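# Secondary and tertiary structure notes
Residue strings, one per chain:
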Amino acid sequence: MDEDAKTSLLRAIPYGLFAACTNSPEGDDHVFLLSWVTQASFDPPLLACGVHEESTAHDHLAEEGREIAINLLADDQEELARTLLEGPEFGEDEVAGTPYKEGANGCGLLPETLGAIEARVVSVTEGGDHDVLLVEIEDVHRFREGEVLTHESSGMTYAG
Ligand SMILES: Cc1cc2nc3c(=O)[nH]c(=O)nc-3n(C[C@H](O)[C@H](O)[C@H](O)COP(=O)(O)O)c2cc1C
């Protein structure tokens, strides 16, 4: 295989950037930068997410019934996206300098993002270095209008 062509083609696939919030089974809050998300069904409404097998997020999510909140970062939130990579601590009602509140499914909602999708893991398929999680949407929250932050608009990448 032509490795350069593989990298350039895989990086040509558009991805958004999301602040994904999870909880440990003990209830500890966690947030990580997620981009491998795509709709996978209309009815029921499903998303497929690629999650690194050695991440804290994977520890929290790789079991049916676990919960996630996927907050859609706006194109003016690149700094927040980069801060999420540093594993920020949660304050009482903020994380990484942005307001935070708990959603109905127990995961974090970030009201300064474009909106949030609360979802439950319905299946986990072992892949390679990432597993594929199917999550079913339970509720959505639209916080404001705007364009989503993407690999292309931020210059950040996670593909190839
Ligand atoms: C631009 C970008 C996009 C990313 N997208 C994903 C992703 O889709 N899935 C994933 O598991 N990790 C992704 N990561 C890595 C995570 O943000 C994180 O650093 C790593 O998985 C460790 O997560 P943890 O804090 O849960 O241990 C991405 C990193 C960058 C820089």
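Residues numbered from 1 in each chain as written. Predicted model: local features only at pLDDT ≥ 70, side-chain atom pairs only at ≥ 80, totals over all residues.

### Details of the overall build of the protein chain
Counting its regular elements, the protein chain contains four helices and eleven strands. Taken against the 2.2 N^0.38 rule, which gives 15 Å for 160 residues, the C-alpha radius of gyration of the protein chain at 15 Å falls within 12% of a compact globule. C-alpha atoms of the protein chain, sized along the principal axes, occupy 50 × 35 × 30 Å. By the burial criterion, 31% of the 160 residues in the protein chain qualify as buried. Counted over contacts in the protein chain with a minimum sequence separation of 6, partners at least 24 positions apart contribute 64%. (Helix = DSSP H or I, 4+ residues; strand = E, 2+ residues; numbered from the N terminus. Rg over C-alpha atoms; globule rule 2.2 N^0.38 Å. Buried ≥ 20, exposed ≤ 12 C-beta atoms within 10 Å, placed from the backbone. Contact = placed C-beta atoms within 7 Å.)

### A closer look at the sheet that holds strand β11 (residues 130–142)
Spatially, the seven strands line up as an open sheet ordered β2-β1-β5-β10-β11-β4-β3, and their pairing is antiparallel. Edge positions in the open sheet fall to β2 (29–34) and β3 (37–41), since each of these has one partner strand only. Direction aside, neighbouring strands of the sheet carry axes that sit 35° apart on average. Where strand β10 (residues 115–125) meets β11, ten bridges bridge the pair, whose relative direction is antiparallel. Residue pairing for β11: Gly-115 is matched across the bridge by Arg-142. (Pairing = 2+ DSSP bridges. Axes fitted to C-alpha atoms, helices over the stretch in contact; angles between N-to-C directions.)

### Overview of the site of the ligand
Around the ligand, 17 residues are found, and the nearest of them are Trp-36, His-52, Ser-55, Ala-57 and Tyr-158. Those elements that place two or more of their residues in the shell around the ligand are β2, β4 (46–52) and α2 (56–61). A breakdown of the residues in the shell around the ligand according to their chemical character gives nine nonpolar, eight polar and no charged. (Near = placed C-beta within 6 Å. Nonpolar A, V, L, I, M, F, W, Y, C, P; charged D, E, K, R; others polar.)

### Quick look at the pairing of β3
Inspection of the sheet shows β3 paired to β4 by four bridges, in the antiparallel sense. Opposite Val-37, over in β4, you have Cys-49 as the bridge partner. Once β3 ends, the chain turns through four residues before running back antiparallel as β4.

### Re the nonpolar core
The biggest cluster of nonpolar side chains holds 35 residues, and the ones touching the most others in it are Phe-18, Ala-19, Ala-20, Ile-68, Ala-69, Ile-70 and Leu-73. Sorting the residues of this core by element identifies β1 (18–23), β2, β4, α2, β5 (67–72), α3 (78–84), β10 and β11 as the ones contributing at least two each. If we skip the residues at most four places from it in the chain, Ile-70 touches Phe-18, Ala-20, Leu-34, Val-37, Ala-116, Ile-117 and Ala-119. (Core = buried A, V, L, I, M, F, W, Y, C linked by C-beta atoms within 7 Å.)

### Focus: the environment of Thr-157
Checked against the element boundaries, Thr-157 lands in the segment after α4 (151–154). For Thr-157 and Leu-17, which are 140 residues apart along the polypeptide, the C-alpha to C-alpha distance reads 9.7 Å. With near-sequence residues (within four places) excluded, Thr-157 lies in contact with Arg-11 and His-151.

### Focus: the pairing of β11
Sheet analysis places β4 next to β11, joined by seven bridges and oriented antiparallel. Opposite Cys-49, over in β11, you have Leu-133 as the bridge partner. Hairpin remark: β10 followed by β11, antiparallel, with four residues in the connecting loop.

### Focus: the environment of Pro-99
Mapped onto the elements of the fold, Pro-99 is located in strand β7 (residues 98–99). The partly exposed category is assigned to Pro-99, around which 13 C-beta atoms lie within 10 Å. Separated by ten residues in sequence, Pro-99 and Glu-89 have C-alpha atoms that sit 13 Å apart. Those residues in contact with Pro-99, other than ones at most four positions away along the chain, are Asp-93, Glu-94, Leu-110, Pro-111 and Glu-112.

Spatial relationships are all this shows, so hold off on functional conclusions.
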